[in-house]
Amino acid sequence: SFTNGSWKQKMKLNKKIFFSALLAGIGSAFTIALLSFGTYETEIGLFLMASFGSSMVLIFGYPEGPFSQPKNIFFAHLLTSFIGVFFVNFFPINFITIGLAVGLGVMLMIIFKIIHPPAGGNSIIVMIGGVSYEFLLFPVVIGSIIIIFMGILYNRFLLKKKYPVNW
């Protein structure tokens with residue numbers, strides 16, 4: 001299958017994929033390190049939550065995708081986290097309410113056209129952690145803004161890509 005120089009073509013493609021993946025990994029690592037620094041090395045507050053790691057895949061790996069756009073990142077993280085906090089405050093935490101919270105978050109992301117798959121797990125994170133409404137500001141709002149800012153810096157100014165594609 002590697003006759004007539006086709007192996008050279010395959011190697012070029014693999015180098016291109018590798019280089020894109022490497023750059024996405026560097027952008028992701030730097031952004032999460034920045035959020036981690038804010039969380040662990042300052043007195044300001046919490047900037048980090050697990051679903052932000054999944055957001056890195058979309059923002060730095062597939063910035064042109066609809067789920068990677070700032071509106072989706074910001075509002076989906078905020079909405080699903082709010083749902084989790086609401087459930088923590090008004091319902092007992094059990095398998096039924098966790099399922100309902102996630103289902104409601106998915107439904108509302110679709111209805112409001114703010115789909116960002118990593119945010120689908122925020123209700124679970126919030127409910128298991130039993131966090132308060134303050135969690136919506138730190139890390140959700142502030143962390144999302146930093147992620148969007150880093151995505152714009154990285155994609156638009158470093159890689160010269162059109163990002164965001166839309167707001």
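Refer to the structure presented above.
This write-up is about the structure you can find in this document. (Residues numbered from 1 in each chain as written. Predicted model: local features only at pLDDT ≥ 70, side-chain atom pairs only at ≥ 80, totals over all residues. Heavy atoms only, no water.)

## What to know about the overall build of the protein chain
Stage number 1. Looking only at helices and strands, the protein chain features six helices and zero strands.
Stage number 2. C-alpha extents for the protein chain along the principal axes are approximately 65 × 35 × 25 Å.
Stage number 3. Residues counted as buried form 39% of the 167 residues belonging to the protein chain.
Stage number 4. Approximately 9,700 Å² of the protein chain is accessible, and the part contributed by carbon and sulfur atoms is 73%.
Stage number 5. Of note, the protein chain has its 11 positive side-chain charges centred 30 Å away from the centre of its 4 negative side-chain charges. (Helix = DSSP H or I, 4+ residues; strand = E, 2+ residues; numbered from the N terminus. Buried < 20%, exposed > 50% of the residue type's maximum accessible area, 1.4 Å probe, protein only. Areas by Shrake-Rupley, 256 points an atom, 1.4 Å probe, with all protein chains shown as cover. Lys, Arg positive; Asp, Glu negative; His and termini not counted. Charge placed at Lys NZ, Arg CZ, Asp CG, Glu CD.)

## Some points on the packing of aromatic side chains
Stage number 1. Considering all chains together, one arrives at nine aromatic pairs under this definition.
Stage number 2. Look at Phe60 and Tyr154: their rings are 4.8 Å apart centre to centre, the planes differ by 80°, and that puts the pair in the edge-to-face class. Linking Phe60 in helix H2 (residues 51–61) with Tyr154 in helix H6 (residues 134–158), this pair joins segments that are 94 residues apart in sequence. Across the pair, exposure class does not vary: Phe60 and Tyr154 are buried alike.
Stage number 3. Grouping aromatic residues by their ring pairs yields a cluster made of Phe82, Phe86, Phe87, Phe90, Phe91 and Tyr133. (Phe/Tyr/Trp six-rings, centres within 6.5 Å; stacked < 30°, edge-to-face > 60°.)

## Observations concerning the environment of Leu58
Stage number 1. Relative to the helices and strands, Leu58 resides in helix H2.
Stage number 2. Each C-alpha atom, one on Leu58 and one on Tyr40, is 25 Å from the other, the two residues being 18 residues apart in sequence.
Stage number 3. When near neighbours in sequence (up to four residues on either side) are disregarded, Leu58 contacts Pro63, Phe67, Ser68, His116, Pro117 and Pro118. (Contact = heavy atoms within 4.5 Å.)

## A few points about the layout of surface pockets
Stage number 1. Approximately 210 Å³ is the volume attributed to the largest pocket.
Stage number 2. In this structure, the largest pocket is lined by 14 residues; those nearest its centre are Ser20, Ala21, Ala24, Phe60 and Gly61.
Stage number 3. With six residues, helix H1 (residues 6–40) is the largest single contributor of residues to the lining of the largest pocket.
Stage number 4. When grouped by side-chain class, the residues that make up the lining of the largest pocket number nine nonpolar, four polar and one charged. (1 Å grid on protein atoms, 1.4 Å probe; cavity = no way out; pocket = protein on both sides within 12 Å on 5 of 7 lines; lining within 4 Å. Points joined across faces, edges and corners; volume = space filled by probe spheres on them. Nonpolar A, V, L, I, M, F, W, Y, C, P; charged D, E, K, R; others polar.)

## Quick word on the packing of helix H3 (residues 70–90) against helix H5 (residues 122–129)
Stage number 1. Axis separation between H3 and H5 bottoms out at 8 Å; the angle between their running directions is 35°. The two elements H3 and H5 meet at a crossing, and its hand is right-handed. Contact residues: H3 offers His77, Thr80, Ser81, Ile83, Gly84, Val85, Phe87 and Val88, while H5 offers Asn122, Ser123, Val126 and Met127.
Stage number 2. Tallied by class, residues from the contact of H3 with H5 come to six nonpolar, six polar and no charged. (Axes fitted to C-alpha atoms, helices over the stretch in contact; angles between N-to-C directions. Left-handed = near helix turned anticlockwise from the far one by under 90°.)

## What about the side chain of Thr31?
Stage number 1. With respect to the helices, strands and loops of the structure, Thr31 is situated in helix H1.
Stage number 2. Residues within four places of Thr31 in sequence aside, it is in contact with Met56, Phe60, Ile147 and Met150.

## So, the side chain of Asn155
Stage number 1. Tracing the backbone through its elements, the reader meets Asn155 in helix H6.
Stage number 2. Leave out the neighbours within four places in its chain, and Asn155 touches Ile59, Pro63, Lys160, Lys161 and Tyr163.

## Observations concerning the environment of Lys16
Stage number 1. Inspection of the secondary structure assignment puts Lys16 in helix H1.
Stage number 2. Sequence-wise, Lys16 and Lys161 are 145 residues apart; in three dimensions their C-alpha atoms are separated by 16 Å.

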